[in-house]
Amino acid sequence: MKLLVTCLLWIVVMSSYAQTKPNKIQELITKLEIGQVPKTDLKSKLEYLKTRDLGDYSNQIKQLENKLTDSIIFNKIKIGFQNYFSESDIDKLYKQINSDTINEFYDSESLDKAISAEFVSINKAIAKLTDIVSADNYYTSSTVFTTIPVDREDGFYALIDYKFNSNNKDVKLEDNPAILISDILNVSKVFSDYGYNQPEIAISLTEYGTRKLYTLTSNNIGQPIAIVINKQIVSLPVVNSVIKEGHVSISNAFSEKDIDRMIKKLKGD
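A few points on the structure. Note that the coordinates shown come from a computational prediction; the quantities given were computed from them, not determined experimentally.

1. Quick word on the overall build of the chain
Right, so step 1: A count of helical and extended segments in the chain gives nine helices and eight strands.
Right, so step 2: Put simply, the chain has 269 residues, and 35% of those count as buried.
Right, so step 3: Put simply, of all contacts in the chain between residues at least 6 apart along the chain, 68% involve residues at least 24 apart.

Structural data, given as structure tokens:
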């Protein structure tokens, strides 16, 4: 009888152990919100494509959507997680799951890269479709955005109830900018890499500004945002994906004199 009880306990322990590893992994991924950056990036790129005139490519978008269900995404995140961490690492990490310092036990950027590796083929398919659709909807360099007077301070703004129209004269901006001039770390003049050699404004944001840009672009996939300088909307770029890095450029066939004037204003000179 004693032997039987011992055997039963051993079976229960082993069974519990066998179930523990996947449960630990699932709990760690959920608790730490692991894989949210590549997941959000993929979803946003797909949402952008769905706002375009897809024509014959609609079926390919549906196929990609079928490959990006929540369960498939989670399984890929789990594979990337297991490839990055050893079993002993998972055990150590799990012991710290309720600790405020758990994020110090791993490099989140490296982990995101390991997880992103599981989505390479899907990313390539999305990038290919994006190139095709962008080419089909490309505006030539002769199409110039006409600046719009607006009573707002300098900065980046989300729009209110935006509806596309050819002249964009009726755009409504939120009262306050999502990104302020004080969020700008550096601003400079560069020249376009796309064959026209046009001057552009290159902007790098502070760490706080970068987080604000991430939020602004996350909330406006497929929609334009307004960039205001000197009481003028100088650009209405459409957000086609989440911007994780704090780097943006402003281009609109501006003269170098216009560029220099705007840079001076952005620098607060």
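So much for the structure itself; the text now carries on.
2. Some details on the environment of S235
Right, so step 1: Following the sequence through the fold, S235 ends up in strand β7 (residues 232-235).
Right, so step 2: Taking the C-alpha atoms as reference points, S235 and T147, 88 residues apart in sequence, are found 7.2 Å from one another.

3. Points about the sheet that holds strand β1 (residues 148-149)
Right, so step 1: Strand order in this open sheet of five strands is β1-β7-β6-β2-β3, and the pairing throughout is antiparallel. Two strands bound the open sheet, and with one partner strand each, they are β1 and β3 (179-180).
Right, so step 2: As defined by bridge partners, strand β6 (residues 226-229) adjoins β7 across three bridges and the pair is classed as antiparallel. From the neighbouring strand, I227 faces β7, where its bridge partner is S235.

4. What to know about the packing of aromatic side chains
Right, so step 1: The final tally for this structure, using the stated rule, is two aromatic pairs.
Right, so step 2: Consider the rings of F81 and F85, whose centres lie 4.8 Å apart with planes at 55°: the pair is tilted. With respect to burial, F81 and F85 carry one shared label: buried.
Right, so step 3: With a centroid separation of 4.9 Å and 90° between ring planes, the pair formed by Y84 and F85 is classed as edge-to-face.

5. Concerning helix α6 (residues 108-116)
Right, so step 1: When we look at burial in α6, the residues that qualify are L111, D112 and I115. Down the axis, α6 shows its buried residues gathered within 100° of arc, on one side only. Residues of α6 that are exposed and angled more than 90 degrees away from the buried face: E109 and K113.

6. Observations regarding the nonpolar core
Right, so step 1: In this structure, L28, I34, F81 and L93 are the most contacted members of the largest nonpolar core, which totals 26 residues.
Right, so step 2: Per-element accounting of this core gives the leading share, four residues, to helix α1 (residues 2-32).
Right, so step 3: Setting aside residues up to four positions removed in sequence, F81 forms contacts with I25, L28, I29, I34, I90, L93, L111 and I115.

7. Looking at the side chain of K24
Right, so step 1: Looking at the element boundaries, K24 is found in helix α1.
Right, so step 2: Only 2.7 Å separates the side chain of K24 from the side chain of D91, close enough to count as a polar contact.
Right, so step 3: Sequence-distant contacts of K24, that is, excluding residues within four places in its chain, are made with I90, D91 and Y94.

Conventions we followed
Residues numbered from 1 in each chain as written. Predicted model: local features only at pLDDT ≥ 70, side-chain atom pairs only at ≥ 80, totals over all residues. Heavy atoms only, no water. Helix = DSSP H or I, 4+ residues; strand = E, 2+ residues; numbered from the N terminus. Buried < 20%, exposed > 50% of the residue type's maximum accessible area, 1.4 Å probe, protein only. Contact = heavy atoms within 4.5 Å. Pairing = 2+ DSSP bridges. Phe/Tyr/Trp six-rings, centres within 6.5 Å; stacked < 30°, edge-to-face > 60°. Arc of directions from axis to C-beta. Core = buried A, V, L, I, M, F, W, Y, C linked by side-chain atoms within 4.5 Å. Polar contact = N/O pair within 3.5 Å; in protein donor to acceptor, adjacent residues only side chain to side chain.

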